[in-house]
Amino acid sequence: MGGTVVSWSIKPCNSGSHTRPCTCSATRKLSPKLVIDQTEAAMVHRVAVIGAGASGLASVKACIEGGLEPVCFERGHDIGGVWNFRESLEPGRASVYRSLVANTSKEMMCFSDFPMPADYPNYLHHSQLLGYLRLYVQHFDLLRHIRFQTTVTRVAQRAGFPQSGQWDVVTVNASGEEEKHVFDAVLVCSGQFIYPSLPLSDFPGHEGFPGKCSHSWEYRDPEAYRGLRVLVVGIGNSGGDIAVEISRSAEMTFLSTRQGAWVISRMSHRGLPLDVAHITRFKQILMKLLPQRLINWLLERAVNQKYDHRFYGLQPKHRFLERTLLINDDLPGQLLKGRLLMKPDLKSFEGSGVIFEDGSVEDNIDAVIFCTGYNSGFSFLPPDLCEGPHGELALYKRLFPPSLLRPTLAILGLFQAKGPIMPLVEMQGRWAARVFAGLSFLPPKKKMLEVIESDRKRNSKSHSCHKSSSLMVHYIPYMDFMAQQVGVRPNLLRLLLTDPVLWAKALFGPCTPYQYRLTGPGHWTGARQAILTQWDRMAQPFRTRVVPEADSAPAYHFLPFLFVLGGITVATVYGAKLKLFL
């Protein structure tokens with residue numbers, strides 16, 4: 001991988017020389033700590049943060065900004081959560097494979113007041129993301145708030161909770177010693193990719209299968225599958241990545257899918273990162289104005305121009321915008337070369353073979369890898385928090401349990417989004433800190449339950465799976481809603497009148513996280529400059545070779561071409577509309 005992999009020893013910048021928008025303490029000014037009413041300050045002061053991954057680190061910083069005192073408990077010996085690759089598997093911890101590269105680009109997924117280094121590639125290997133988190137921790141001096149090798153085993157409401165809102169938190173350290181704590185609030189940041197869902201009982205005959213059945217949580221690299229016949233079950237992002245990687249060295253690889261998927265590349269038009277090109281406020285407005293059937297038709301037509309999904313066996317039953325897309329740069333190429341074969345849903349095992357729903361059989365399968373997702377669960381939380389219609393953990397705006405008499409517990413990261421995750425969990429932490437401090441207020445329980453059900457029904461129109469419909473959030477609307485609660489939502493009309501250059505960047509350019517540091521609590525004076533220079537940081541990794549300028553030619557040489565092009569454009573109006581989206 002290109003770019004810079006940052007080690008733990010790197011120190012925060014304290015000089016006046018920078019190759020990116022400066023975020024050092026010499027120039028960055030946070031708003032003063034919020035002044036809290038004394039009665040509220042007595043009620044909420046110490047906050048337990050469970051987990052030191054991206055959401056936990058952002059939450060620690062949000063608590064500090066809000067005048068709260070965070071204590072972060074991390075069961076491992078290091079920060080990073082899912083982005084911290086380990087050779088050995090550890091039950092109860094998230095896991096990634098060796099080659100994992102993020103599906104969201106650096107400018108879209110960074111924290112809102114800390115741009116990634118300009119020389120980082122636009123799509124980061126997990127080691128580089130971990131390096132960025134180390135820089136973040138060092139720069140904002142978060143390490144002193146983290147207690148490593150400390151596992152939270154129990155979180156329970158204290159006696160008198162309706163008045164105090166306090167929690168009993170029980171932890172166990174590396175020596176097995178138990179310790180009890182009292183906290184005024186709790187932020188659960190332990191993630192949702194911990195408990196693998198391995199549905200072997202759904203497939204008759206698996207007991208007699210002589211090969212190995214495993215979950216993607218266990219996968220590290222393709223070496224163990226060299227020369228074998230491998231079946232990968234599930235066409236999510238992990239399933240696509242693993243199937244492609246294994247297919248380069250296996251004898252044959254099969255990818256089984258129940259419904260198919262729309263496959264797109266990380267690279268959009270003109271080579272731009274996919275999310276940079278698509279996640280803009282202007283396109284969000286267009287999506288609301290135009291009929292969804294038309295948008296689906298245009299987008300499906302566009303992706304099928306590159307490779308016909310029906311021809312490649314990828315065609316799903318659902319429309320383009322109705323489900324999460326499969327982001328994969330190489331899967332169609334492996335299908336084209338015959339190194340990977342698409343198969344329908346797995347039905348059963350028969351000896352060393354497998355039978356699919358269409359009746360087809362593949363014999364002599366050596367290994368089956370189930371990329372079938374994860375079960376959400378927090379064994380340390382009170383079971384009475386689960387009061388959804390199907391016994392699930394119901395959360396108001398995917399953050400606050402409505403069952404609590406005092407809103408002093410929030411669960412971060414328990415959602416699915418068509419967009420970058422890190423800015424969303426950062427904003428969740430900022431909102432939760434405001435609620436804990438008594439500076440933002442939640443509606444009554446009845447109203448929260450109504451909103452939860454309304455969101456679920458709206459999402460269920462495009463997501464038949466109840467779990468998916470309850471977890472789905474839409475990036476810009478969700479960010480804007482939370483930002484409104486925090487007081488940091490950008491005012492586009494005011495920007496138009498006071499700073500039209502910035503307004504144009506915010507409306508037509510990518511909706512980067514810096515937009516949520518322009519005003520309000522946690523205002524960062526470098527936010528405007530970060531937005532104006534975001535394209536420079538995207539281009540920086542490519543500036544490794546001087547490219548000669550093309551020779552200019554008299555304009556009249558191009559007149560016949562322009563006339564022809566104009567005629568084609570008028571005749572293909574749908575193509576022009578399509579380019580507006582893509």
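Just so you know, these numbers come straight off a predicted model, no measurement behind them.

Novice: What am I meant to see in the sheet that holds strand 17 (residues 361-362) here?
Specialist: Adjacent strands of a sheet pair through backbone hydrogen bonds, lying either parallel or antiparallel. As summarised here, the arrangement of the three strands in space is 15-16-17, forming an open sheet in which the pairing is antiparallel. The open sheet has two edge strands, strand 15 (346-350) and strand 17, and neither has a second partner. Summarising the sheet, strand 16 (residues 353-356) and strand 17 pair through two bridges and their orientation is antiparallel. Its bridge partner lying in strand 17, I355 is registered against V361.

Novice: Teacher, can you tell me more about helix 16 (residues 500-508) here?
Specialist: Every α-helical turn comprises 3.6 residues, leaving residues that sit three or four positions apart pointing alike. Those residues of helix 16 lying buried are L502, A506 and L507. Take helix 16 and look down its axis: the buried residues cluster within an arc of 125 degrees, on one side only. The inward-facing, buried residues of helix 16 contact helix 8 (281-289), helix 15 (492-498) and helix 17 (527-532).

Novice: It is not clear to me how the packing of aromatic side chains should be interpreted in this structure. Could you clarify?
Specialist: The geometry of two aromatic rings is summed up by the distance between their centres and the angle between their planes. In total, this model carries 23 aromatic pairs according to the counting rule given. Pairing W431 with F481 gives two aromatic rings, centres 5.7 Å apart and planes at 80 degrees, and the pair type is edge-to-face. Linking W431 in helix 11 (residues 422-436) with F481 in helix 14 (residues 475-486), this pair joins segments that are 50 residues apart in sequence. One residue, R266, lies across the ring of Y123, its end atom 5.9 Å from the ring centre. Here K397 stacks its cationic end above the ring of F481, 4.7 Å away from the centre of that ring.

Novice: For this particular structure, what's the right way to read the confidence of the model for the protein?
Specialist: Detailed reading of the predicted model is not advised wherever pLDDT is low. On average, residues of the protein score 87 in pLDDT, and 85% of them are at 70 or above. Contacts from residues 1-42, a stretch scored under 50 in pLDDT, to residues over four places away or in other chains number 85 contacts. Below pLDDT 50 for its whole length, residues 562-582 participates in 24 contacts with residues either more than four positions away or in separate chains.

Novice: What exactly am I supposed to notice about the nonpolar core here?
Specialist: Nonpolar side chains tend toward joint burial in soluble globular proteins. Counting 108 residues, the largest nonpolar core has L57, Y132, L133, L187 and F436 as the members making the most contacts within it. With nine residues, the single largest contributor to this core is helix 11. Looking at this core, you find at least three residues from each of domain 1 (46-194 + 376-491) and domain 2 (198-372). For L187, the contacting residues outside a window of four places in its chain are V47, A48, V49, I50, S59, C63, A410, L412, A432 and F436. Among the nonpolar cores identified, the runner-up in size contains 23 residues, and A48, W167, F380 and L393 belong to it.

Conventions adopted
Residues numbered from 1 in each chain as written. Predicted model: local features only at pLDDT ≥ 70, side-chain atom pairs only at ≥ 80, totals over all residues. Heavy atoms only, no water. Pairing = 2+ DSSP bridges. Helix = DSSP H or I, 4+ residues; strand = E, 2+ residues; numbered from the N terminus. Buried < 20%, exposed > 50% of the residue type's maximum accessible area, 1.4 Å probe, protein only. Arc of directions from axis to C-beta. Contact = heavy atoms within 4.5 Å. Phe/Tyr/Trp six-rings, centres within 6.5 Å; stacked < 30°, edge-to-face > 60°. Lys NZ or Arg CZ within 6 Å of the ring centre and 35° of its normal. pLDDT = per-residue confidence, 0-100. Core = buried A, V, L, I, M, F, W, Y, C linked by side-chain atoms within 4.5 Å. Domains from an automatic or database assignment.

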